[in-house]
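Each chain, written out:
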Amino acid sequence: QGSGKSTLCRGLCTILGGEWINQDEVAASRPSRGSRRESTARAAFLQAVEDAVARKQNRYIFVDKIHTLRQHREDIIAAIKRGEAARDEAQNRVAVALLNLAHPEDEEGQSIQALPVCSRRVATRGLGHLSFVPQATAVEPVVQATASNAQALSDDEKCSFDACADLSLTLTPEELLASALKELSAAQLLQEENVYDDEEELSRAVAEAR
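Before going further, it helps to examine the pattern of salt bridges. As a working rule, side chains carrying opposite charge can pair if their charged atoms are close by. Counted under the stated rule, the structure contains 11 salt bridges. Residue R82 pairs with E50 through a salt bridge whose shortest N-O separation is 2.9 Å. You can see R82 sitting in helix α4 (residues 70-85) and its partner E50 sitting in helix α3 (residues 34-54), a full 32 residues away along the chain. Put simply, D156 and R70 hold a salt bridge, and the shortest N to O gap is 3.0 Å. Placement of D156 in helix α7 (residues 155-159) and of R70 in helix α4 is noted, with a sequence separation of 86 residues between them. The exposure class assigned to D156 is partly exposed, which follows from its relative accessible area of 48%. Among the ionic contacts, a cluster of salt bridges with common partners joins R70, E74 and D156.

Laid out in structure tokens, this is it:
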């Protein structure tokens, strides 16, 4: 929470097209309550990822979800593979990139510097944050719990992605969007060229993403 991942994903979708899938949006649409709501929302989210991958018209899909646990990452990869199977044989290979938002002063797997930044952002968003309501919930303990349970990516996990990059969550939204586009372009995962150089387009995308 509070890393800027949703603004980044929506910004990428605005510039590149494709489909944006957000776990909070899916969870908010579920009518059930308690543990059953959590279970059905998780299943619905993964099904949404699978369905998006299966749609052949989607050149890009932006999965907007916390991936602090290895199980989170494995679940999404599995959903992507199921979606691949539904594509035409010539199109069934889907490249997967992991963009990890982190504080540049934190060691890998740590979030000491990131915590106050993320907590402040969540509190500032107030009712705009779908994960929880900051007015009714102490923000820092929730963010701290998420960070404490985080499992750093192993080397074998990193190798399973076509691209894996750390992006600084201290950047402005426009800078973060440009940084992500540069990483994806360097990994040869974009059909578009030099989209990260258009400052006006970056600003427009961020404005629409907020």
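Having put the structure on the table, let's press on.
Turning to the nonpolar core, a few remarks are in order. Judged by nonpolar contacts, the single largest core of 28 residues is most densely connected at L8, L12, I15, L16, L177 and L181. For this core, the secondary-structure elements that each account for two or more residues are α1 (5-16), α5 (114-125), α6 (139-148), α8 (173-186) and α9 (199-209). Leave out the neighbours within four places in its chain, and I15 touches L177, L181, V195, E201, L202 and A205. Counting residues in hydrophobic clusters, the runner-up holds 15 residues, among them V26, L46, I80 and F161.

Conventions and cut-offs
Residues numbered from 1 in each chain as written. Predicted model: local features only at pLDDT ≥ 70, side-chain atom pairs only at ≥ 80, totals over all residues. Heavy atoms only, no water. Salt bridge = Lys/Arg side-chain N within 4 Å of Asp/Glu carboxyl O. Helix = DSSP H or I, 4+ residues; strand = E, 2+ residues; numbered from the N terminus. Buried < 20%, exposed > 50% of the residue type's maximum accessible area, 1.4 Å probe, protein only. Core = buried A, V, L, I, M, F, W, Y, C linked by side-chain atoms within 4.5 Å. Contact = heavy atoms within 4.5 Å.

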